[in-house]
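# Commentary on secondary and tertiary structure
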Amino acid sequence: MNKSDLIKQWTKLKIITDKNVLNAFKKVKREDFVVKEYLKEAYEDVPLPILQLQTISQPTTVVIMLQALEVKKGMNVLEIGAGSGYNAALLSVLVGKSGKVYTTEIIPELADFAQDNLKDFRNVEVHQCNGSHGLPAYGPFDRIICTAAAKKIPKPLIDQLKEGGIIVIPVGPKYGQKMVKAKKVKGKLKKQDLGTFMFVPLVGEFEG
Ligand code: SAH
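Below is a summary of the structure that appears in this document. (Residues numbered from 1 in each chain as written. Predicted model: local features only at pLDDT ≥ 70, side-chain atom pairs only at ≥ 80, totals over all residues. Heavy atoms only, no water.)

Moving on, we get to the overall build of the protein. Helix and strand counts for the protein come out as six helices and nine strands. Principal axes of the C-alpha set define a box for the protein whose edges measure 45 × 35 × 35 Å. Here the protein holds 208 residues, and 53% of them are scored as buried. Considering only contacts within the protein whose residues lie at least 6 apart along the sequence, 54% involve residues at least 24 apart. About 10,200 Å² of surface is accessible on the protein, with carbon and sulfur atoms providing 54% of the total. (Helix = DSSP H or I, 4+ residues; strand = E, 2+ residues; numbered from the N terminus. Buried < 20%, exposed > 50% of the residue type's maximum accessible area, 1.4 Å probe, protein only. Contact = heavy atoms within 4.5 Å. Areas by Shrake-Rupley, 256 points an atom, 1.4 Å probe, with all protein chains shown as cover.)

Taken as a whole and assessed by the stated rule, the structure comprises one cavity of 30 Å³ or more. One number sums up the size of the largest cavity: a volume of about 30 Å³. Around the largest cavity, the lining residues are Ser57, Val62, Met65, Asn87, Ile145 and Thr147. Each residue belonging to the lining of the largest cavity can be placed in one class, and the counts come to three nonpolar, three polar and no charged. (1 Å grid on protein atoms, 1.4 Å probe; cavity = no way out; pocket = protein on both sides within 12 Å on 5 of 7 lines; lining within 4 Å. Points joined across faces, edges and corners; volume = space filled by probe spheres on them. Nonpolar A, V, L, I, M, F, W, Y, C, P; charged D, E, K, R; others polar.)

Glancing now at the packing of helix α3 (residues 59-69) against helix α4 (residues 86-95). Across the interface, α3 lies against α4 with an axial gap of 12 Å and an inter-helix angle of 35°. For the crossing formed where α3 meets α4, the hand is right-handed. Taken together, the residues of α4 that come into contact with α3 (itself represented by Val62, Leu66 and Leu69) are Tyr86, Asn87, Leu90, Leu91 and Leu94. Here the residues of the contact of α3 with α4 are counted per class, giving seven nonpolar, one polar and no charged. (Axes fitted to C-alpha atoms, helices over the stretch in contact; angles between N-to-C directions. Left-handed = near helix turned anticlockwise from the far one by under 90°.)

What follows concerns the site of the ligand. The full set close to the ligand counts 28 residues, and Ser84, Glu105, Asn130, Gly131 and Val203 are the nearest of them. Between an oxygen atom of the ligand and a side-chain N or O atom of Ser84, the distance comes to 2.6 Å. Considered on its own, the ligand offers 590 Å² of accessible surface; in the complex 99% of this is hidden by protein. A majority-of-atoms criterion places the ligand in the largest pocket. (Near = heavy atom within 4 Å. Polar contact = N/O pair within 3.5 Å; in protein donor to acceptor, adjacent residues only side chain to side chain. Sits in = over half its atoms within 2 Å of the grid points.)

Counted by the stated rule, this structure contains six aromatic pairs. On the numbers, 4.7 Å between centres and 35° between planes, the contact of Tyr102 with Tyr138 is tilted. Of the two residues, Tyr102 sits in strand β4 (residues 100-105) while Tyr138 sits in the loop between β5 (124-128) and β6 (141-146), which places them 36 residues apart along the sequence. The buried category is assigned to Tyr102, whose relative accessible area is 9%. According to the relative accessible area criterion, Tyr138 is partly exposed, its value standing at 33%. The structure contains a cluster of three or more aromatic residues connected by ring pairs, namely Trp10, Phe25 and Tyr43. Between Lys3 and the ring centre of Phe25, over which it is positioned, the NZ or CZ distance is 5.5 Å. (Phe/Tyr/Trp six-rings, centres within 6.5 Å; stacked < 30°, edge-to-face > 60°. Lys NZ or Arg CZ within 6 Å of the ring centre and 35° of its normal.)

So, on to the pattern of salt bridges. In this structure the tally under the stated criterion is four salt bridges. Note that Glu125 is salt-bridged to Lys100, the shortest N-O span being 3.1 Å. In this pair, Glu125 sits in strand β5 while Lys100 sits in strand β4, placing the two residues 25 residues apart along the sequence. Using a relative accessible area of 27% as the deciding quantity, one classes Glu125 as partly exposed. (Salt bridge = Lys/Arg side-chain N within 4 Å of Asp/Glu carboxyl O.)

The structure is reproduced here in structure tokens:
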């Protein structure tokens, strides 16, 4: 499959409804974020191995998460799980020049991989750290997206989310998690279930 076939499929199945997400997908080259062994598969709708047994998420999953996140220009966004840096690149387009994206990655080799892949995306910073603690020095955040599975939403992330802010995160045990979209209203999270997905675990004390 190529990029335009994938877009056609999404349009037909009404998966893509947000024109900003579609525009970001059109702009960012997924082939720049996959390892060279999988270049030909860059637009197959599957997760692909990157380094250290981690994966770049399936394109449809990325679209579902980004649409749920409702990112606007100028926002301050935190990602947990940089991986290849692909999702951070899409976020970079969504927040625009006036916005900022912080992405965290726990595995040093992958943090370097993401950093390298993201060098042309000037409004993105990669931090090698345990992202479940958030990045308090750079918060609070309008939006938080976690691309690894947690047993529950880490408290530091709730604390670093602005009032009215949205977090999207897979929550649940190792095999099969519920994608949760939650909005912070009067300090409390109002949660919505977006269905079942499978992610690599969020390493550390919130591991699913
Ligand atoms: N968003 C990525 C896909 C990420 S896969 C992309 O677009 O390519 C999930 C990533 O989360 C893996 O790279 C894994 O190493 C990382 N991860 C797992 N636990 C973490 C933690 N506690 N803090 C930061 N990153 C973590």
